[in-house]
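The lines below spell out each chain.
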Amino acid sequence: MPELPEVETIRRGLMERLVGCQITGVRVRQAYLREKVEVDTLETSVVGRTIVGIERRAKYLLLQLCPEGMLVFHLGMTGRLWLGKPMLQDAVHDHLIFRLGPDLELRFHDIRRFGMCFYTTAQALPVHPRFRHLGPEPLSLEFSSLYLQKRAQGLWKPVKNFLMDAAVVVGVGNIYASESLFLARIHPNREAGRLRPLHWDRICTAIKDVLQAAIDAHGTSFSDYVDSEGRRGDFQNQLLVYGREGEPCSRDGRPIRRIVQAGRSSFYCPRCQR
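For every chain, the first residue of the written sequence is number 1, and numbering continues from 1 onward in sequence order. Local features are withheld for residues below a pLDDT of 70 in this predicted model, meaning they are given only at 70 or higher, and side-chain atom pairs are given and counted only at 80 or more; totals for whole chains, interfaces and linings count all residues. Hydrogens and water molecules were not included; the side-chain quantities draw on all heavy atoms of the structure.

The description of an aromatic ring pair uses the distance of the two centres, along with the angle that the planes make with each other. Aromatic rings from Phe, Tyr and Trp, taking only the six-membered ring of Trp, are treated as a pair when their centres fall within 6.5 Å; an angle between ring planes under 30 degrees marks them as stacked, one over 60 as edge-to-face, and anything in between as tilted. Under the definition given, this model contains seven aromatic pairs. Consider the rings of F73 and F98, whose centres lie 5.8 Å apart with planes at 85 degrees: the pair is edge-to-face. With a gap of 25 residues between them, F73 in strand β4 (residues 70–74) and F98 in strand β6 (residues 94–99) connect regions that are remote in the sequence. Ring plane angle 70 degrees and centroid distance 5.0 Å describe the contact between Y242 and F267, whose orientation is recorded as edge-to-face. Here Y242 is found in the loop between α6 (197–216) and β9 (257–261), whereas its partner F267 is found in strand β10 (residues 264–268), with 25 residues between them in sequence. Numbering of helices and strands runs from the N terminus, with a helix taken as a DSSP run of H or I at least four residues long and a strand as a DSSP run of E at least two residues long.

Residue position: G243 is located in the loop between α6 and β9. When its relative accessible area of 48% is taken as the criterion, G243 is described as partly exposed. Between the alpha carbons of G243 and I175 there is a distance of 8.6 Å; along the sequence they are 68 residues apart. Classification of residues uses two cut-offs on accessible area relative to the type maximum, computed with a 1.4 Å probe and protein chains only: under 20% is buried, over 50% is exposed, and between them is partly exposed.

Residues lying three or four places apart along an α-helix face the same way, a consequence of the helix completing one turn every 3.6 residues. A helix is expected to reach a length of 1.5 Å times the quantity of its residues less one. Over its 15 residues, helix α1 (residues 4–18) runs 20 Å from end to end, which matches the ideal 21 Å to within 8%, given 1.5 Å per residue. Most of α1 is tucked away, with 11 of its 15 residues classed as buried. Those residues of α1 that sit buried are L4, P5, E6, V7, E8, T9, I10, R11, G13, L14 and L18. Its buried side turned inward, α1 meets β2 (50–57), β3 (60–66), β5 (79–84), β7 (105–110), α5 (174–184) and α6. Among the residues trailing α1, G20 stands out with phi positive, at a value near 100 degrees. When checking whether two residues touch, look at their non-hydrogen atoms; a contact exists if any pair is within 4.5 Å.

So, in structure tokens, the structure goes:
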């Protein structure tokens, strides 16, 4: 599933080519995605508008339109946004095709159809059902160790589950939570409410460092993630614990262990993260 670094990588790639393009048409081959695409709304509110910017909120891509409005995408588990010359034949899972003049089109491709596409406005976005519950961005000034400490007060849930809660902080997915806790030397099962300020300092710093490194590496490609130009990420070659069960820890040589938390695999070093 594309996480924050992957979505940010896609955003940056699209920014280079999409800004200034006018959406001249839209073709919906499959409206039944995670939520049904409102075809009439896309045709009346998106066609004829110019893309003037691309933002990211959590794992959502926001295409800012002029004179107003936002075209919102969520990639779900297998969604891709392809940008290129018009194709003579549609792929099976090309569900939405946006024409950007005679020589360019944006295609939303999603094998499992867990992605989303909808139109909204800048004014309605903060209170939209998909956005109003979201916590701060992990690379923002709003995200701090003091903030984490206050949110965790009195909680007995494991710290890894706490960090993966989008209401607490967005974009810290399974891979990046495991990597961050390793850098911070915190066991993924530690109760969030029992951590001390020095622990939250280490966790906050580690999250920022891991996510920034993943963005710099253009994301993590384990299976089918590629950016808008079809390029794979490289952060999978820098992972220290995730997916490395039984391999030696880079710090002390102890075998990396795996446990299951809330249905997700967590990887850690039994000595570094007691």
